[in-house]
Amino acid sequence: PIPLLVSGLSGWNDVPYSVVPIMQLDAHVRAPGKVVLVGPAYPLEFGPDCLHYTSDGERWLGEYFAKVYDKVIFRGEKWDPVRPAQIARAGNVVTVRYYVPVPPLVIDTTHVTDPGNSGFDFLDGDTKQAITSVSVADASSVTIALATTPTPGNLHLRYAENQTVGTCIGPTVGARGNLRDSDPTVSFTGHALMNWGVQFDMPVP
């Protein structure tokens, strides 16, 4: 078997929301071991054209691919990026339990600046609802407190799907989030190789 390793799309700037990274995650889940989602691109360094990586960003991305390739091909291990395993709600509190390659989860605003609510958006239909706090609950879970208790229906939670149309992309601007694991893997070129949360759009009960 020859797996397809995929870099999660983070580099769009023509619309606020892109279905492409959502479909990439869907392919990873539906074809386990055949399609392997390495991780998102938003922590990487982009160039002044706001569309492409710098040469250093390309090297950084290559190291992420090498790390996952080593696990999947050489070690024969299953790979899951930082992605939701389960979403639950109790009143106005949403809890997201994650697959975490190297616990614990961390909300990191040093490597990636906060776009607001650590990159999370809660929606009722197409209408965003106010979030009052986002916090790490334990090594593999995040809790999101809403300003009000929503009525069950067309509720869903998004992450890192918050692009400002016409702006650049990368760790300080554009679609991004602040959730990562604690992977200490050493980079040959001096980069941090923690695994960052991938974009998602999932229903909430």
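Residues numbered from 1 in each chain as written. Predicted model: local features only at pLDDT ≥ 70, side-chain atom pairs only at ≥ 80, totals over all residues. Heavy atoms only, no water.

A. Structural context of the sheet that holds strand E9 (residues 141-146). The sheet built from 4 strands is open, its strands ordered E3-E4-E9-E8 with antiparallel pairing. Because the sheet does not close on itself, it has two edges, and the strands there are strand E3 (83-90) and strand E8 (131-138). Taken over all neighbouring pairs, the strand axes of this sheet differ in orientation by 20° on average, direction set aside. Across 5 bridges, strand E4 (residues 93-99) lies against E9 in antiparallel orientation. Its bridge partner lying in E9, Thr-95 is registered against Thr-143. (Pairing = 2+ DSSP bridges. Helix = DSSP H or I, 4+ residues; strand = E, 2+ residues; numbered from the N terminus. Axes fitted to C-alpha atoms, helices over the stretch in contact; angles between N-to-C directions.)

B. The nonpolar core, seen in detail. Ranked by size, the top nonpolar core spans 44 residues in total, and within it Val-94, Tyr-98, Phe-120, Ile-144 and Leu-157 carry the most contacts. Examining the composition of this core, we find that 5 residues originate from one element, helix H2 (residues 55-74), more than from any other. Non-local contacts of Phe-120, meaning those with residues more than four positions away in its chain, are made with Tyr-98, Ile-131, Val-134, Val-142, Ile-144, Leu-157, Arg-158, Tyr-159, Leu-179 and Phe-200. (Core = buried A, V, L, I, M, F, W, Y, C linked by side-chain atoms within 4.5 Å. Buried < 20%, exposed > 50% of the residue type's maximum accessible area, 1.4 Å probe, protein only. Contact = heavy atoms within 4.5 Å.)

C. Fine view of H2. If you check H2, its first and last C-alpha atoms are 27 Å apart, about what 20 residues at 1.5 Å a residue would give, namely 28 Å. For H2, the complete set of buried residues consists of Gly-57, Trp-60, Leu-61, Glu-63, Tyr-64, Lys-67, Val-68 and Val-72. A positive phi of about 70° marks Gly-76, the residue just after H2. (Expected span 1.5 Å × (residues − 1).)

D. Broad picture of the packing of aromatic side chains. Counted by the stated rule, this structure contains 6 aromatic pairs. For the ring pair Tyr-42 and Trp-196, a centre distance of 6.2 Å and an interplane angle of 75° mean the geometry is edge-to-face. On the criterion of sequence distance, the pair formed by Tyr-42 in the loop between strand E2 (35-40) and H2 and Trp-196 in the loop between strand E11 (179-180) and strand E12 (200-203) is long-range, its members being 154 residues apart. What makes Tyr-42 buried here is its relative accessible area of 0%. (Phe/Tyr/Trp six-rings, centres within 6.5 Å; stacked < 30°, edge-to-face > 60°.)

E. Summary view of helix H1 (residues 20-30). Regarding H1, the residues found buried are Pro-21, Ile-22, Gln-24, Leu-25 and His-28. Buried residues in H1, looked at end-on, bunch into an arc of 160°, giving them a common side. Among the exposed residues of H1, those pointing more than 90 degrees away from its buried face are Met-23 and Arg-30. Residues of H1 that are buried sit in contact with strand E1 (4-8), E2, E3 and E12. (Arc of directions from axis to C-beta.)

F. The arrangement of unusual backbone geometry in detail. Here Pro-103 and Pro-104 are connected by a cis peptide whose omega angle stands at 5°. Mapping Pro-104 onto the fold places it in the loop between E4 and strand E5 (106-107). Backbone geometry at Cys-50 places phi at a positive 65°, although glycine is not the residue there. Relative accessible area serves as the criterion here: at 11%, Cys-50 is assigned to the buried category. A positive phi angle, near 55°, is found at Asn-117, a position not held by glycine. Topologically, Asn-117 is positioned in the loop between E5 and strand E6 (120-124).

G. Highlighting the pattern of salt bridges. Under the counting rule described, the total for this entry stands at 9 salt bridges. We note a salt bridge from Asp-183 to Lys-67, for which the minimum N-O separation is 3.0 Å. You can see Asp-183 sitting in the loop between E11 and E12 and its partner Lys-67 sitting in helix H2, a full 116 residues away along the chain. You can call Lys-67 buried: its relative accessible area is 8%. Across the pair Asp-121 and Lys-128 runs a salt bridge, and its minimum N-O distance is 3.6 Å. (Salt bridge = Lys/Arg side-chain N within 4 Å of Asp/Glu carboxyl O.)

Remember that the coordinates give geometry; whether it matters functionally is a separate question.
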